[in-house]
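What the coordinates show
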Amino acid sequence: MSNLIAHWNYFLVIALMMIGFYAVIARGNMVKKMVGLSIFQTSVFMLYISMGKVANGTAPILTGDTTTLYANPLPHVLILTAIVVGVATTAVGYALIIRVYESYGTIEDDELIKIIETEENAEAGDA
Amino acid sequence: MSGFFVNAALISLLTLIAFLAIRLHRLFAVVMLSGAFSLVAATLFVVLDAVDVAFTEAAVGAGISTILALATLSLVPANEKPHDFAFVPAFLAFATAAMLAVAVADLPAFGDVNAPIHNHVAPDYLKGSAEDIAIPNVVTSVLASYRGFDTLGETVVVFTAAIAVLLVLGGWTRRKEDGEDDNA
């Protein structure tokens, strides 16, 4: 029980993470998958930022007062980088979705698999 | 203790937004909820003393990501095909949550000053930043100076992604191929 109180922030973040995870693996629509991925990703950021938090501390901007407690700046730096890289990869994901739609006319997983199977069967039939 | 309630309220709001985002079938609403999620997440980062992360999340996560998603939606169907509740993925998500919960139970308590993460190199950065780089914002001095090469690597990743988007969407090549078509 003491763990539950000391780690509440982590547990809440994990619940959030799993909503994003479910969207990624259960939803067939590709835009929905990307949204799920970004929810998952932002939750991971929250986990890291929670680790850098110091009780009664403040943001890591130096005040000149030696008694001030600061939050750990290293997770912040890591996550700044991760946010920007995350958006770059998201952009590639959306570009791929547009390309898939142009080629196959659908962005639903199950329909896409059917189309590809039909094409493969047709090719096998020709050969 | 007030921090507990602010955090809990924000995370509950995030959970609600995330839940709605995966339930709704109109993708426009889903994308706007995802933008709202990023904005509330930015507020949570302010509460957790990560102000630099907060404004990056607000600008990049809520701004640029949403614009990219809306641009995609203008080219693909705006409605999702309805799906039934999927039991196997839900079970997998619960199992993963259980494993992660067991794992984080071993972490130092939330906000603990004596956690190992706060006693390794972080004090050196906090102490050295003022003398070495002479700017008060420690996150900036670590990002741009102490860990400058990491940031250079990040820029390379963003550049590579930009090239990948151009190649996938075929900005120039396709125009040459369907040169005769007026809709190219």
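Anything mentioned here points back to the structure above.
Residues numbered from 1 in each chain as written. Chains lettered and ligands numbered in written order. Predicted model: local features only at pLDDT ≥ 70, side-chain atom pairs only at ≥ 80, totals over all residues.

**Quick notes on the overall build of chain B**
To keep it simple, the criterion reads: The way it works is that DSSP assigns letters per residue, a run of H or I at least four long becomes a helix, a run of E at least two long becomes a strand, and they are numbered from the N terminus. Throughout, radius of gyration means the C-alpha value; the globule benchmark is 2.2 Å times the number of residues raised to the power 0.38. Buried residues are those with 20 or more other C-beta atoms within 10 Å of their own C-beta, exposed residues have 12 or fewer, and partly exposed residues lie in between; C-beta atoms are placed from the backbone.
Broken down by element type, chain B carries eight helices and zero strands. Start at the N end of chain B and walk to the C end: the helices and strands fall as α-α-α-α-α-α-α-α. At 22 Å, chain B has a C-alpha radius of gyration far larger than the 16 Å of a compact globule built from 184 residues. With respect to the three principal axes, the spread of C-alpha positions in chain B is 65 × 45 × 25 Å. Residues counted as buried form 26% of the 184 residues belonging to chain B.

**Quick notes on the overall build of chain A**
The condition is simple: Our contact criterion uses C-beta atoms placed from the backbone: two residues qualify when those atoms are within 7 Å.
The helix and strand inventory of chain A stands at five helices and zero strands. Listed by position from the N terminus, the elements making up chain A come as α-α-α-α-α. Relative to the 2.2 N^0.38 estimate, which gives 14 Å for 127 residues, the radius of gyration of chain A is 22 Å and therefore markedly larger than a compact globule would have. Residues counted as buried form 46% of the 127 residues belonging to chain A. Contacts in chain A between residues far apart in sequence, at least 24 positions, make up 43% of those at least 6 positions apart.

**Re the interface of chain B and chain A**
Accessible area lost during the coming together of the parts is what is often quoted as the interface size. Note the following rule: Residue polarity follows a fixed list, in which Ala, Val, Leu, Ile, Met, Phe, Trp, Tyr, Cys and Pro are nonpolar, Asp, Glu, Lys and Arg are charged, and the others, Gly among them, are polar.
Opposite the 80 residues of chain B that make contact, chain A presents 72 residues. Contributing elements (two or more residues each) for the side of chain B that touches chain A: α1 (2–23), α2 (27–47), α3 (51–73), α4 (87–104), α5 (122–132), α6 (138–146) and α7 (148–169) of chain B. Considering every element that reaches the side of chain B that touches chain A, the biggest residue donor is α3 of chain B, with 13 residues. Each residue belonging to the side of chain B that touches chain A can be placed in one class, and the counts come to 57 nonpolar, 15 polar and eight charged.

**Quick notes on the environment of Gln 41 of chain A**
Among the structural elements, Gln 41 of chain A can be located in helix α3 (residues 30–52). In this structure, the C-alpha to C-alpha distance between Gln 41 of chain A and Thr 63 of chain A, residues 22 residues apart in sequence, is 32 Å.

**Quick look at the packing of α2 of chain B against α3 of chain B**
Residues and elements named next belong to chain B. Selection criterion: Throughout, an axis means a line fitted to C-alpha atoms (over the contacting stretch in the case of helices), and angles, computed between N-to-C directions, take values from 0 to 180 degrees. Each angle is binned into one of four classes, with values under 35 degrees roughly parallel, values over 145 roughly antiparallel, values of 65 to 115 roughly perpendicular, and all other values oblique.
Following both chains from N to C, one finds α2 and α3 inclined at 175°, their axes separated by 7 Å at the closest point. Considered as vectors, α2 and α3 are oriented roughly antiparallel to each other. Mapping the contact onto sequence places Leu 27, Phe 28, Val 31, Ser 34, Gly 35, Ser 38, Leu 39, Ala 41, Ala 42, Phe 45 and Val 46 in α2 and Val 51, Val 53, Ala 54, Glu 57, Ala 58, Gly 61, Ala 62, Ser 65, Thr 66, Ala 69, Leu 70 and Leu 73 in α3. Grouping the constituent residues of the contact of α2 with α3 by class yields 16 nonpolar, six polar and one charged.

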